[in-house]
Amino acid sequence: MPVYIAAQALFDGFESVPYLWPLLKTLPWIGALLLLKLYFAGARNASERNMHGKVVIVTGGTSGIGEAFTRELAQRGAQIVLLTQHSLGDPFIVEYIDDLRRDTNNQLITAEQVDLASLHNIRTFATKWIDNAPPRRLDMVVLCANTQTTKTGKDGIRSTVEGVEVNWQVNYLANFHLLSILSPALRAQPPDRDVRILFGTCSSYLGGDLLHITQTSPSRTKSSKENTKPTSTSTRSPTHFSPGNAYATSKLALTTFALAFQKHLSSIKRPDNAPAYPRVLIVDPGLCRTPGTRRWLSFGTLFGLFLYLLSWPLWWLLLKSPEGGAQSFLYAAMEEKFSKAGVEGEAKVGGWFIKECKDRDFMREDVKDEEVQRKLWEYSEKMVEEAEKRGVVERARRKKEAEE
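Residues numbered from 1 in each chain as written. Predicted model: local features only at pLDDT ≥ 70, side-chain atom pairs only at ≥ 80, totals over all residues. Heavy atoms only, no water.

Caption draft 1: Quick look at the pairing of strand E6 (residues 279-284). Among the 6 residues of E6, 6 are classified as buried, and the element is accordingly described as predominantly covered. By the alternation rule, side chains of E6 split into Arg279, Leu281 and Val283 and Val280, Ile282 and Asp284, which are all buried. Pairing between strand E5 (residues 196-200) and E6: 5 bridges, direction parallel. The residue bridging Ile197 from the neighbouring strand is Val280, located in E6. Inspection of the sheet shows E6 paired to strand E7 (residues 352-355) by 4 bridges, in the parallel sense. Along E7, the bridge assignment pairs Val283 with Ile354. (Buried < 20%, exposed > 50% of the residue type's maximum accessible area, 1.4 Å probe, protein only. Helix = DSSP H or I, 4+ residues; strand = E, 2+ residues; numbered from the N terminus. Pairing = 2+ DSSP bridges.)

And the structure:
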């Protein structure tokens, strides 16, 4: 058919071919749209690594970028342990794992019920993981889970049962608590094992505010019912609170903690004196068409969702797919140079910031400030202690009510 049309245009003139001129005028615009789509799709991971037998813990692995990343690792033969808030008997998680096993031809995919909004739930899982002799194999921890509350109710402020603001809890404090307990398991891996911890962040950390931590000292606060601030051990809140600010602050805290955690891992001497360095990598996947982004763009309302659906072609063009966002995570998980750092004489052992499949510099220097890192760590330890105490009281109260 194309040969016939070309022959007709050549011998009978372009005017003889119906709709040819409109089509030729449209082609440059289609080409421009394709080029724009290719540009906004972001970089692609070109690194590969043998993942067979590798044990990987993943949070947020059932949707969005975490799901795409988990699927890629599963296809490469990794043993995946999904941390999910769903009950293990929930039809969704059962069907999801069955589908993932079938699609990737990998039966080494399991799940553990770990609600990141519950410090007690996190401690139960993590202590069970490390309570094993010899230490269980652990090659990678990937922290993809995050949330952002929308502005509903009283300024959009929501707290967990333990009295911690939801954005701060899920995006930061849950990761701090999980890794603090898993730290011995990470450091106990054989010295020749390439162990990596991947933190998922985003550019919103540039707007975060940790002044309520760095300018005050931890102090005891009110009960969970009275607690409406984004953090529970501070006597003052950030300079401005909103769901967006709470999200940005949690990502800033996560980025700061990631660098502090790398120093923590590298500073503890192994009993065998082997130079083993679990490596921390901080990944910014960019803006993607994930459920969280959709909720953010729609303001968590039905009318906002309607507007989002109307403008979906624009978001399709400007935002990456979840698979595109997973590329930087795959690069951080597989790039060989990160395994050689510290072994072949390179000074930098960890704490890389990955964006668009490249090692980049942080755009906020204060995340490297050791004094800020120290205050954040101490503040977080105090917060976990107080929140867990409130959790014990709340669980006892609920148990009593159930018995009555």
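Structure's up, so let's keep going.
Caption draft 2: Examining the pattern of salt bridges more closely. Per the counting criterion, the structure on display carries 22 salt bridges. The residue Asp99 makes a salt bridge to Arg102 at a minimum N-O spacing of 2.8 Å. A residue pair is termed a helical-turn pair when its members lie 3 or 4 positions apart in one helix, as Asp99 and Arg102 do in helix H4 (residues 91-104) at 3 residues. A relative accessible area of 56% means that Arg102 is categorised as exposed. Residue Glu371 is joined to Arg374 by a salt bridge in which the shortest nitrogen-to-oxygen separation is 2.3 Å. Of this pair, Glu371 and Arg374 both sit in helix H14 (residues 370-403), 3 residues apart, which is roughly one turn of the helix. Residue class for Glu371 comes out partly exposed when judged on its relative accessible area of 37%. Exposure remark for Arg374: the relative accessible area of 37% places this residue in the partly exposed category. Overlapping salt bridges bring together Glu394, Arg397, Arg398 and Glu401 as one network. (Salt bridge = Lys/Arg side-chain N within 4 Å of Asp/Glu carboxyl O.)

Caption draft 3: Structural detail: the UniProt feature "transmembrane region" (unreviewed entry) in the protein. Residues given the UniProt feature "transmembrane region" (unreviewed entry) here are residues 20-40 and 296-318. The span residues 296-318 carries 78% helix and 0% strand; its end-to-end C-alpha distance comes to 15 Å. (UniProt positions renumbered as here; feature names shortened; annotations may be inferred.)

Caption draft 4: Quick peek at the environment of Asn171. Mapped onto the secondary structure, Asn171 falls in helix H6 (residues 166-187). The exposure class of Asn171 is buried, given its relative accessible area of 0%. In this structure Asn171 touches Asn146, Thr147, Val166, Tyr247, Ser250 and Leu254, once residues within four positions along its chain are discounted. (Contact = heavy atoms within 4.5 Å.)

Caption draft 5: Region of interest: the packing of H6 against helix H8 (residues 243-267). In the contact formed by H6 and H8, the axes pass within 8 Å of each other and the chain directions differ by 15°. Considering the angle they form, H6 stands roughly parallel to H8. H6 and H8 meet at a crossing whose hand is right-handed. Side by side, H6 and H8 meet where Asn167, Trp168, Asn171, Tyr172, Asn175, Phe176, Leu179, Ser183, Leu186 and Arg187 of the first sit next to Pro243, Ala246, Tyr247, Thr249, Ser250, Ala253, Leu254, Phe257, Phe261, His264 and Leu265 of the second. Partitioned by chemical class, the residues of the contact of H6 with H8 number 13 nonpolar, 7 polar and 1 charged. (Axes fitted to C-alpha atoms, helices over the stretch in contact; angles between N-to-C directions. Parallel < 35°, antiparallel > 145°, perpendicular 65-115°, else oblique. Left-handed = near helix turned anticlockwise from the far one by under 90°. Nonpolar A, V, L, I, M, F, W, Y, C, P; charged D, E, K, R; others polar.)

Caption draft 6: The arrangement of the nonpolar core in detail. With 56 residues, the main nonpolar core has Trp168, Phe199 and Phe261 as its most contacted residues. For this core, the element with the most residues is H6, which contributes 13 residues. Core analysis: the second largest hydrophobic core is formed by 35 residues, Met51, Ala74, Val283 and Cys288 among them. (Core = buried A, V, L, I, M, F, W, Y, C linked by side-chain atoms within 4.5 Å.)

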